[in-house]
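What follows is each chain in one-letter form.
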Amino acid sequence: MFRTSWVLGFHGCDRAVGERVLAGEHLQLSRNDYDWLGEGIYFWENDPLRAYHWALFIQQHPQFFKTRIDKPFVVGAIIDPGSCLDLSDQSSLTTLQRAYEVFREIRKMEGGELPENKSGFEGDADLIKRHLDCAVINFMHYFRQEEGLEPYTTVRGPFMEGEPLYPGAKIMAKTHVQITVRDPVAIRGYFRVAEL
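Residues numbered from 1 in each chain as written. Predicted model: local features only at pLDDT ≥ 70, side-chain atom pairs only at ≥ 80, totals over all residues. Heavy atoms only, no water.

Draft legend 1. Here's a closer look at the overall build of the chain. When its secondary structure is counted, the chain shows 4 helices and 9 strands. Computed over the C-alpha atoms, the radius of gyration of the chain is 17 Å, within 12% of the 16 Å expected from 2.2 N^0.38 for a compact globule of 196 residues. Counting only C-alpha atoms, the chain reaches 50 × 40 × 35 Å along its principal axes. Within the span of the chain, comprising 196 residues, buried residues form 40% of the whole. Considering only contacts in the chain between residues 6 or more positions apart, those separated by 24 or more positions represent 70%. (Helix = DSSP H or I, 4+ residues; strand = E, 2+ residues; numbered from the N terminus. Rg over C-alpha atoms; globule rule 2.2 N^0.38 Å. Buried < 20%, exposed > 50% of the residue type's maximum accessible area, 1.4 Å probe, protein only. Contact = heavy atoms within 4.5 Å.)

Have a look at this one:
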């Protein structure tokens, strides 16, 4: 479990959405069945440029998204991770692995298939539609709630994504850390990001 003081998160969105957030609204929780870290408000940790590139990608590929972006924008957030499922930490990975095993057994007893991670577009080697990962993480939260365990406020995960940064590299060009906020109380404030 990851516990630290504050994290700076950056959310790529449409300018109109960002301005409403800066005027006092909260960002909305994402509840897609393919979200990499389950249900929550998604941020790129410490990387406003990556958040901007994501907003630009959505603008340029509207066929893949429900959300439309006319003017790419980035809003920053000060996040208190609180009780965080940190997927760079071995104990968190063990917790998630156990949740998968219980989830798999329940699906088997019910006669259902496990969801699968799938590509979002032709040539998508990263399998950006993370149906399985999302289902397991959401199940883990549900299971913890049913067992009366402390809920996770946030989920944080590193992702090796994209092509090799240079020939022979194991460092990928779109490597990033995302944090998703499950309880908006963890967002202590939003701030305007300098134009990118």
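And the narrative resumes.
Draft legend 2. Inspection of the nonpolar core at higher detail. Judged by nonpolar contacts, the single largest core of 17 residues is most densely connected at Leu37, Leu85, Leu87, Leu96, Val136 and Met140. Of all the secondary structure elements, the ones that give two or more residues to this core are α3 (90–110), α4 (131–146) and β7 (154–159). Element by element, the count of residues in this core is highest for α4, at 5 residues. Those residues in contact with Leu96 that lie beyond four places of it in its chain are Leu87, Val136, Ile137 and Met140. Formed by 14 residues, the second largest nonpolar core is a distinct cluster that contains Leu27, Val75, Ala77 and Val181. (Core = buried A, V, L, I, M, F, W, Y, C linked by side-chain atoms within 4.5 Å.)

Draft legend 3. Spatial organisation of a nonpolar patch on the surface. Where nonpolar side chains cluster on the molecular surface, the patch consists of Trp6, Leu8 and Ile78 and spans about 270 Å² of accessible area. With respect to the helices and strands, the residue Leu8 is situated in strand β1 (residues 7–14). (Patch = residues over 30% accessible without salt bridge, like charges linked within 9 Å, V, L, I, M, F, W, Y side chains within 5 Å. Areas by Shrake-Rupley, 256 points an atom, 1.4 Å probe, with all protein chains shown as cover. Salt bridge = Lys/Arg side-chain N within 4 Å of Asp/Glu carboxyl O.)

Draft legend 4. Seen up close, the side chain of Glu161. Relative to the helices and strands, Glu161 is located in the loop between β7 and β8 (176–181). A polar side-chain atom of Glu161 sits 3.2 Å from a polar atom in the side chain of Arg50. Beyond its immediate chain neighbours, meaning those up to four positions away, Glu161 contacts Trp36, Arg50, Asp126, Ile128, Met172, Ala173, Lys174, Thr175 and His176. (Polar contact = N/O pair within 3.5 Å; in protein donor to acceptor, adjacent residues only side chain to side chain.)

Draft legend 5. Main features of the pattern of salt bridges. This structure, assessed with the given rule, holds 12 salt bridges. Between Arg31 and Glu39 there is a salt bridge, and its shortest N-O distance comes to 3.5 Å. Between Asp86 and Arg156 there is a salt bridge whose closest N-O contact spans 3.1 Å. Of this pair, Asp86 sits in strand β4 (residues 84–86) while Arg156 sits in strand β7, and the two are 70 residues apart along the sequence. Owing to a relative accessible area of 4%, Asp86 belongs among the buried residues under this scheme. The exposure class assigned to Arg156 is buried, which follows from its relative accessible area of 12%. Taken together, the salt bridges that share partners define one network made up of Arg15, Glu19, Arg192 and Glu195.

Draft legend 6. Region of interest: the packing of aromatic side chains. This model, assessed by the stated rule, comprises 9 aromatic pairs. Here the aromatic rings of Trp36 and Phe159 are separated by 4.5 Å at their centres, their planes lie at 70°, and the arrangement is edge-to-face. Linking Trp36 in the loop between α1 (15–22) and β2 (41–45) with Phe159 in strand β7, this pair joins segments that are 123 residues apart in sequence. The same class applies to Trp36 as to Phe159, namely buried. Between Phe57 and Phe65, the ring centres sit 6.0 Å apart and the planes meet at 85°, which makes this aromatic pair edge-to-face. A connected cluster of aromatic rings, assembled from ring pairs, spans Trp44, Trp54, Phe57, Phe64 and Phe65. Residue placement shows Lys129 over the ring face of Tyr34; its charged tip is 3.9 Å from the ring centre. Positioned above the aromatic ring of Trp36, the side-chain terminus of Arg130 is 3.8 Å from the ring centre. (Phe/Tyr/Trp six-rings, centres within 6.5 Å; stacked < 30°, edge-to-face > 60°. Lys NZ or Arg CZ within 6 Å of the ring centre and 35° of its normal.)

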